[in-house]
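# Structural overview
Here is how the chains run, residue by residue.
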Number of protein chains: 2
Amino acid sequence: MNLEATIMEFKAHLEKMKMYQSAMSVMSFDDATIAPKGATADRAKRNGFFAAELFALSTGEKMKSLLEALEPHKEELDVNTAAMYRLVKKNYDKSVKIPIDKIRAFRELTSKANDVWEKARKDNDFAAFAPYLRDIVAARKEMVEFVRTDDAPTYDYLLDDYEEGATMAMYDEYFAKVRAAIVPLLKGVMESKKKINYELVKMSVDIETQRKISEYAAKMVGYDLNRGYIGETAHPFCSTFSRNDVRITTRYDENDFLSSFYSILHECGHALYEQNTGEDIAGTVLARGVSMGIHESQSRFYENVIGRSKGFWEYATNGLKEILPQSYKDVTATEFYEAANLAGPSLIRVEADELTYSLHIMVRYEIERMLFTEDIDIMELPAIWNKKFEEYLGITPPNDAMGVLQDIHWSFGGMGYFPTYSIGSAYSAQFLSYMKREMDFDALVKKGDFATITAWLVDKIHRHGSIHTPKDLVHKIAGEQLNADYYVDYLNEKFKSLYEIQ
Amino acid sequence: MNLEATIMEFKAHLEKMKMYQSAMSVMSFDDATIAPKGATADRAKRNGFFAAELFALSTGEKMKSLLEALEPHKEELDVNTAAMYRLVKKNYDKSVKIPIDKIRAFRELTSKANDVWEKARKDNDFAAFAPYLRDIVAARKEMVEFVRTDDAPTYDYLLDDYEEGATMAMYDEYFAKVRAAIVPLLKGVMESKKKINYELVKMSVDIETQRKISEYAAKMVGYDLNRGYIGETAHPFCSTFSRNDVRITTRYDENDFLSSFYSILHECGHALYEQNTGEDIAGTVLARGVSMGIHESQSRFYENVIGRSKGFWEYATNGLKEILPQSYKDVTATEFYEAANLAGPSLIRVEADELTYSLHIMVRYEIERMLFTEDIDIMELPAIWNKKFEEYLGITPPNDAMGVLQDIHWSFGGMGYFPTYSIGSAYSAQFLSYMKREMDFDALVKKGDFATITAWLVDKIHRHGSIHTPKDLVHKIAGEQLNADYYVDYLNEKFKSLYEIQ
């Protein structure tokens, strides 16, 4: 077969896989939103079936022969095809190198561990979860040995799973800057005399009104509802079936409309990225955000950089007050802005504010790092966790349920995942700085011209989907890599001003 | 391979097909309820892909060899396996005997015809649709020749497509009885002095309240919401993903809550059938209602036989009034009962009442019969339609949009489909009569003991799924076949009493 025919067959095979992925997204969205509890077992079976079908397509003889046929020509491929080859080959290698019985055993382990973790968190019983966590760490270490191609640290392989090209060296440098800047900044906030009144924005807003607010917020930032849908789930998320069907979800709390308001802006950031991947790569494996970190940079950009800015509230307050109950009529733009930026130490990551969020992540990163580079006793984790919390956030969790046991991630083996949440915020500040070289960002936000801002992000980031690696993508924008300085400057500037810190 | 191994492989292959069908049901439910318009083309592509995958599984080499291996042993199979073999073989033969290019051409023809029909109905322009209808009739005739196994009339093959074993002879006899009884009964209703006040139940009921009514009605008749879900669509339907996930939809009209109330009872009838197929056949090709006619008998049973009975309103009125707005507080059970049974000639099938519904179907059946047995000019159809309407219902459609062009069915080639709607009602009356031999039906309804009634239907019908042919199933219950006498007696008794006809 000649190269052209091989490429066509390769692309057709990927398109077939994409059909399965899209179908699985529909089913999983349905699961998360409206599927009845009584069919949980049936759905698990169906999901398992389709996961296996997709795995067979990704790793079977057909894929193997296509990759082998392309390998000698990989330098001759056009940019998009080369990117597809790279992504698929990487996934193929990871999938086929680990023996199937190891994968199965790991799946069983994490499935059991997840149940145990849920119970352990409820019972505040870390000891119950500890042996599973120990086994998961051992299993992940063992699996790295199957895929290892160099003598990089084991943890690097895990980090790369969630953010291509990320390394411990990169994160060490990153978190060093974060630690050096945010810990003292938080101290300054805590010592500040400035008082912010969050109660002002916590007046009751009925759910039907909040649904209208969601639609208002989504439309405001340019989320295309003709190619989207806003659903409701306990944990908000964004799911892509194709660039023309990118859905988000939120949850409503009658006494805290800002919570769902910001979750909508956050998910809209993810959704805008997915809706704006290029038409030229639609339906291909490239038609999705390039990495978790870059994806998170987009959600944080709309949620925080835009949505928690002063200019945003100067623009949005009047429109919002047309929907909000009468009780809100006296709340000013400044009051909304300040309430939206109330900062301080807290115990739970998912409730953390913009300022302290990365400290929560840093604790987790440092512990994961220890798990993969040091010989520590798992039973020491609660003490280590609490000590770090004391050191960085100035508070100590009253129990493990609100401390080391709070997140689901380790129970499914997701070590390496957490840091992407933090660099998302850092990238968003970095992109803001680049953007400001080309446009008057504050003025655009103040007049609600989010389209111009989005156009910049589309041009630099969204439309490229996964054509480039995340590192290459960032480098193409301004000739540098992840740089925490922008993030640190951004936080210093914002919170020093807000909290009147010298 | 020995027989046992072949059977296991056969069942595994069918289970695989069932996974695809279930996934396609999820996607199509999503399409019908919340999927965004902007992704219509993407979804069409995805649906086409999975339809092709499923077609390949149903007709490919694997299926062929399994059926060939089983064929010599078909008399040795246990009841369930024999039923699976029969159903699958029948579908296989129909699918493989018609050349694929004929199937493709037919699909293109009906796709185009559907667009043309939609426009023709809007423009009241039968002449625009006529050539397509002519081609569709010709194509269906041609396709029957590929699958023909005997010298039965062509139309019999079409009727069998929608109701296994149904024939023109059977329907001729059936409709003769219907015509002889209902046409004079309707005349009696029209001449009756009895006045029913529908306006009484047409007071405004907001949608949120109607949603509560839907849930109340669904729970009342035993629809298991833990294994179900009530969605909203312009055209109500019931969709089965597995016996543990059977969903229904409805639509709400603020000024006619009874419309959605009865659509819920109707869809619950379908859903109860699907939720109660036997656990022993769960996940197999047998786990679904046996035919359209029997399925419709269940929906009509809950909608009409139960839901439009006097006893039902004696039971349900108080509960319903607890949810209904204050304005309903003086409406009596008798007034609800009478409003729910307002009867009279109407033009549109989907709005027809219980009494006249089968007359609407009869017009369509007689015309389809002509199309396949006589050499009639398609352009005469509007005149034929109108003449029959005049004869049976005493009214003449003012235009073709409200006459011969009103239904979508012919545009997709669905000739043979309509009569199943009518025999559904007839079967429901037949089952009622059998049931009354064993229990005091009226007393059970009056005290809201629907569980006992459903238990009878589960035992005689639901749990068997598609194990037996529809004819065998009915025969097993009381030793006879479809018999319009029960239906005719039921309607006579009910409407003569209600309209005070001697």
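Before going into details, it helps to say that this report is about the structure given with it. (Residues numbered from 1 in each chain as written. Chains lettered and ligands numbered in written order. Predicted model: local features only at pLDDT ≥ 70, side-chain atom pairs only at ≥ 80, totals over all residues. Heavy atoms only, no water.)

In this section: the environment of Glu76 of chain B. Mapped onto the secondary structure, Glu76 of chain B falls in the loop between α3 (61–70) and α4 (79–97). Spatially, the C-alpha atoms of Glu76 of chain B and Ala41 of chain B are 48 Å apart, while their sequence positions differ by 35 residues. (Helix = DSSP H or I, 4+ residues; strand = E, 2+ residues; numbered from the N terminus.)

One pass over the structure, following the stated rule, counts 74 salt bridges over all chains. One network of salt bridges, with partners in common, ties together Arg86, Lys90, Lys94, Arg140, Asp160, Asp161 and Glu164 of chain A. (Salt bridge = Lys/Arg side-chain N within 4 Å of Asp/Glu carboxyl O.)

For the pair chain A and chain B, the superposition axis carries a translation of 0.0 Å, the fit reaches an RMSD of 0.1 Å, and the rotation angle comes to 179°. Classification of the inter-copy transformation places it as that of a two-fold axis. The residues that chain A uses at the interface reappear at the interface of chain B in 100% of cases, marking a shared surface. (Least-squares fit on C-alpha atoms with pLDDT ≥ 70 in both. Contact = heavy atoms within 4.5 Å.)

Turning our eyes to something else, we now look at the pairing of strand β3 (residues 245–250) of chain B. All names here are of chain B. Burial within β3 is extensive, with 6 of its 6 residues counted as buried. A two-sided burial pattern is seen for β3, the buried positions comprising Asp245, Arg247 and Thr249 on one face and Val246, Ile248 and Thr250 on the other. As defined by bridge partners, strand β2 (residues 238–242) adjoins β3 across 4 bridges and the pair is classed as antiparallel. Of the residues in β3, the one forming a bridge with Ser242 is Asp245. (Buried < 20%, exposed > 50% of the residue type's maximum accessible area, 1.4 Å probe, protein only. Pairing = 2+ DSSP bridges.)

Residue and element names in this part refer to chain B. Applying the stated criterion across every chain, the model contains 73 aromatic pairs over all chains. Consider the rings of Phe261 and Phe312, whose centres lie 6.1 Å apart with planes at 50°: the pair is tilted. In this pair, Phe261 is assigned in helix α10 (residues 257–275) and Phe312 in helix α12 (residues 310–323), connecting sequence segments 51 residues apart. Note on accessibility: Phe261 and Phe312 belong to one class, buried. Ring geometry for Phe261 against Trp313: centres 5.7 Å apart, planes inclined by 40°, an arrangement best described as tilted. Of this pair, Phe261 sits in helix α10 while Trp313 sits in helix α12; the two residues are 52 residues apart in sequence, bridging distant segments of the chain. Assessed through its relative accessible area of 1%, Phe261 is described here as buried. (Phe/Tyr/Trp six-rings, centres within 6.5 Å; stacked < 30°, edge-to-face > 60°.)

As a further point, take the nonpolar core. The nonpolar side chains of a soluble globular protein tend to be buried with one another. Of all hydrophobic cores here, the largest spans 134 residues; its most connected members are Phe257, Phe261, Phe301, Phe312, Trp313, Phe431 and Ile453 of chain A. Ranked by residues supplied to this core, first place goes to helix α8 (residues 168–191) of chain A with 11 residues. Apart from the residues lying within four places of it in its own chain, the contact partners of Phe261 of chain A are Ile213, Ala217, Phe312, Trp313 and Leu320 of chain A. One finds Tyr157, Leu186, Phe372 and Phe495 of chain B within the second-largest nonpolar core, a separate group that totals 133 residues. (Core = buried A, V, L, I, M, F, W, Y, C linked by side-chain atoms within 4.5 Å.)

For the rest of this paragraph, the subject is the sheet that holds β2 of chain B. Residue and element names in this part refer to chain B. Within the open sheet, the 3 strands sit side by side as β1-β3-β2. Their pairing is mixed. Only two strands of the sheet have a single partner each, and these edge strands are β1 (228–232) and β2. Taking each pair of neighbouring strands and ignoring which way they run, the sheet shows an average axis angle of 20°. As paired elements, β1 and β3 share 5 bridges and run parallel to each other. For Glu232, the partnering residue across the bridge sits in β3 and is Thr250. (Axes fitted to C-alpha atoms, helices over the stretch in contact; angles between N-to-C directions.)

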